[in-house]
Amino acid sequence: MMPNIRRGGQMGGLMVYLAGGGRHNEHEEQHLVAGDSAIMAQHGYSVLDTNTALAIARSLDAPRRAFDVEVLRMVKDSDPVTGAVTSKRVAGDVWHCSLSLRAEEGQRSDEKWGSIAQDFADRMGFTESSGKAACRWVAVRHGLSTNGNDHIHLAVSLVREDGTKATTHNDFTRAQEVCRDLERDYGLEQLESRGRGLGERGVKPAERERAVRSSAAEVDAHKMERSVRAAATASVDEGEFVRRLRRGGVLIRPRYAAGRDDVVAGYSVAVRPTAGEKPIWYGGGRLARDLTLPRLREGWPESPQTAQGAVDEWRATAKNPWEYRPVAPGREESTPSPEMWKQYSDEIGQLREQLRDVPVTDRATWAHVARETAGAFAAWSQRVEATPGPLAQTSRELARSAHLRAYQSRPKPAQLGSASNAAMILMQAASGGQGTMAEAIMLRQLGRVSVAILDMHSAVGDARRAEQVTAMLRNQFAAVTDRLPAVPSKTTQPDSRMQPADVPVVMRQATDGLAAPGTGSSVPNKLQLTKRKTPATPRERDGLGRD
């Protein structure tokens, strides 16, 4: 179950949206499934309209208006001309969170969603179960999303019924932890990758809407992730990484360490915008856990010469991200010779043999292997796919096995083979229409490494990731194989994991494990101001929505 949190200051606007038709007319049978007992008694489970939504909003907002409490939040704003970033405080008394299931999990009943919503609100500290006065809240259900996900929305007023403010400190992390517990309690699909630190970055609704408006095939974040992953894998050092990204049309800028202009601590990238628009920058860590600059540096050799060369390239792109000229052009400017195909295919074969001796518990080494293999497919996609296709999807699926947390990572073993040269040749080779036999042989070797990654996930009991990699081999990988010449094989029996299979999908019953929603009085609680402690601390006086 996936939570998505937003803050705002217009309860009426939020409720009208939840009760309305939706951005794409996807909302239907808009109704409450849980919430404040008095609001539930009055408005029940009937279909909501605009007038009812506004009435509910007034009831939710009553404590804030009665006690004249101001709840603020900090937002950052950038000047479109100078790029200067400023901070300001805006209204933040409305807490909005959606809870969504994957489309493959099917739908749940109103009763079950009501129980889930009540437990979620309790564990987030918004109800009387926290030992404090309750916040007023409701949970709205209005059909499936445009992606087919069953979901609900919680609208919470952050002013409690005694005039105090509910805390939102660390609410993103707490919401994830609560959802993890609810997955176990209600028999929902448990994301094993989340517990193992393999989760990928989510896509914000605004990013999806921007892609829809521009008729883009994917969101900018996914496009940037693939570009960065391909350039990082194909590069032998940091300077080449900068040059490759710029050669691919990506805007890139460095983030220097505090007080320094010769030490680069991070970077951000952006799609080159159309005329009149400003670029939207993504830090490496925002794209994926394994794409931060410290993590990328784990795969490159260190020396004073390469470090200085990298600083020179970063300075060049920092001066003018729009008109960058490489300081010291390298191998990215040349076309690889045909003889290199066999050499680099053999290197991947040697890597596959080395993996037989890598313990399945050595997560850091396997993450390096997954990242480089994903990077090779990303580089191939950059060269031959005008829009994201099976190569891009294969890269994205394998990359999930590289998303470790920072403390779990360590530099790549020096003796371990690499897919870096394969990524380089797949990115730079001259395109020639139909795939060549050399590409088919390279694909077979990459496929064997992918199967090794699958075996690793199976061995450590990560069934969900093993299932995802298996599906990738049967679908996306097979689609790429069909476009290339057949490679003569010494074996007569192909790997069954790479063959299509008719596996029925078993959906859980929507009413499994029903629990009764919370109960309470049908009469609204009396609003009584709590006398605040004196003297108030600076944290209590700052108006940022803390208890």
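Quick caveat, the model's predicted, so the values are computed rather than measured.

**Student:** Looking at this structure, I do not really get the overall build of the protein. What am I missing?
**Tutor:** Across its full length, the protein holds 19 helices and 10 strands. Of all 547 residues assigned to the protein, the portion counted as buried reaches 47%. Sequence-distant contacts in the protein: of pairs separated by 6 or more residues, those separated by 24 or more amount to 74%. Just so you have it, the protein exposes about 26700 Å², and 50% of that area is on carbon and sulfur atoms.

**Student:** Help me out: how do you make sense of the nonpolar core in this one?
**Tutor:** Formed by 45 residues in total, the largest nonpolar core has its most connected members in Leu355, Leu426, Met442 and Ile453. Where this core is concerned, the elements lending two or more residues are α8 (220–234), α13 (340–355), α14 (363–384), α15 (390–399), α16 (420–428), α17 (437–459) and α18 (463–482). Counting residues per element, this core draws most heavily on α17, at 10 residues. The next biggest cluster of nonpolar side chains, apart from the first, holds 29 residues, and it includes Trp95, Cys135, Leu182 and Tyr186.

**Student:** Sorry if this is basic, but what is going on with the sheet that holds strand β10 (residues 282–283) here?
**Tutor:** Across the sheet, three strands lie side by side as β8-β9-β10; this open sheet has antiparallel pairing. Of all the strands in the sheet, the pair left with one neighbour each is β8 (250–256) and β10. Pairing geometry for strand β9 (residues 264–271) and β10, over two bridges, is antiparallel. When the bridges of β10 are listed, Val269 appears paired with Tyr282. In this fold α8 packs onto β8, β9 and β10, with an angle of close to 125° to the strand it touches most, β9.

**Student:** I would appreciate a short explanation of α16 in the present structure.
**Tutor:** Three- or four-residue spacings in an α-helix give side chains the same orientation, since the helix completes a turn every 3.6 residues. In terms of burial, α16 is largely enclosed, as eight of its nine residues are buried. Residues of α16 that are buried include every one of Ser420, Asn421, Ala422, Ala423, Met424, Ile425, Leu426 and Gln428, and no others. Looking at the buried positions of α16, the neighbouring elements they touch are α8, α9 (238–247), α13, α14 and α17.

**Student:** Can you walk me through the pattern of salt bridges in this structure?
**Tutor:** Opposite charge on two side chains permits pairing when their charged atoms draw close. Throughout the structure, instances matching the rule amount to 31 salt bridges. Where Glu353 meets Arg356, a salt bridge forms, and the shortest distance between an N and an O atom there is 3.1 Å. By relative accessible area, Arg356 is classed as exposed at 54%. Residues Arg383 and Glu439 are paired through a salt bridge, measuring 2.6 Å at the closest nitrogen-oxygen approach. Of this pair, Arg383 sits in helix α14 while Glu439 sits in helix α17, placing them 56 residues apart in sequence. A single salt-bridge network, built from bridges that share partners, covers Asp61, Arg64, Arg65 and Asp93.

**Student:** Quick question: what am I supposed to make of the packing of aromatic side chains here?
**Tutor:** The geometry of two aromatic rings is summed up by the distance between their centres and the angle between their planes. Taken as a whole and assessed by the stated rule, the structure comprises six aromatic pairs. Where Phe241 meets Tyr267, the ring centres are 5.8 Å apart and the plane angle is 80°; that geometry is what we call edge-to-face. One end of the pair, Phe241, is in helix α9; the other, Tyr267, is in strand β9, and 26 residues separate them in sequence. Three or more aromatic residues link up through ring pairs in this structure, and these residues are Phe241, Tyr267, Trp300 and Trp314. Lying over the aromatic face of Trp281, Arg253 brings its terminal NZ or CZ to 4.1 Å of the ring centre.

**Student:** So what exactly am I meant to see when it comes to the packing of α8 against α16 here?
**Tutor:** In a pair of packed helices, the angle between the axes and the distance between the axes together describe the arrangement. In contact at an axis separation of 7 Å, α8 and α16 are set at 120° when each is read in the N-to-C sense. Regarding the angle of α8 to α16, the classification is oblique. Facing Ala230, Ala231, Thr233 and Ala234 of α8, the residues of α16 in contact are Ser420, Ala423, Met424 and Met427. Of the residues in the contact of α8 with α16, the class split is six nonpolar, two polar and no charged.

**Student:** For this particular structure, what's the right way to read the pairing of strand β7 (residues 151–157)?
**Tutor:** Successive residues of a regular strand alternate their side chains across the two faces of the sheet. Taking burial as the measure, the seven residues of β7 include seven buried ones, the bulk of the element. Of the two faces of β7, the one holding His151, His153, Ala155 and Ser157 and the one holding Ile152, Leu154 and Val156 are both buried throughout. Bridge count for strand β5 (residues 94–100) against β7 is seven bridges, and the pairing is antiparallel. Within the sheet, the bridge partner assigned to His96 lies in β7 and is Ala155. The pairing of strand β6 (residues 137–141) with β7 spans four bridges and is classified as antiparallel. Across the sheet, the residue bridging to Trp137 is Val156, located in β7.

**Student:** For this particular structure, what's the right way to read helix α3 (residues 50–67)?
**Tutor:** Along its 18 residues, α3 runs 26 Å from first to last C-alpha, staying within 8% of the 26 Å computed at 1.5 Å per residue. Maximum bend of α3: about 50°, positioned at Asp61, with proline Pro63 one to four residues after it. All of the buried residues along α3 are Thr52, Ala53, Ile56, Ala57, Leu60, Asp61, Ala62, Pro63 and Phe67. Tucked into the core, α3 has its buried residues touching α1 (11–19), β2 (31–35), α2 (37–43), β6 and β7.

Here is what the cut-offs are and how they apply
- Residues numbered from 1 in each chain as written.
- Predicted model: local features only at pLDDT ≥ 70, side-chain atom pairs only at ≥ 80, totals over all residues.
- Heavy atoms only, no water.
- Helix = DSSP H or I, 4+ residues; strand = E, 2+ residues; numbered from the N terminus.
- Buried < 20%, exposed > 50% of the residue type's maximum accessible area, 1.4 Å probe, protein only.
- Contact = heavy atoms within 4.5 Å.
- Areas by Shrake-Rupley, 256 points an atom, 1.4 Å probe, with all protein chains shown as cover.
- Core = buried A, V, L, I, M, F, W, Y, C linked by side-chain atoms within 4.5 Å.
- Pairing = 2+ DSSP bridges.
- Axes fitted to C-alpha atoms, helices over the stretch in contact; angles between N-to-C directions.
- Salt bridge = Lys/Arg side-chain N within 4 Å of Asp/Glu carboxyl O.
- Phe/Tyr/Trp six-rings, centres within 6.5 Å; stacked < 30°, edge-to-face > 60°.
- Lys NZ or Arg CZ within 6 Å of the ring centre and 35° of its normal.
- Parallel < 35°, antiparallel > 145°, perpendicular 65-115°, else oblique.
- Nonpolar A, V, L, I, M, F, W, Y, C, P; charged D, E, K, R; others polar.
- Expected span 1.5 Å × (residues − 1).
- Bend = angle between axes of the 7 residues up to and from the residue.

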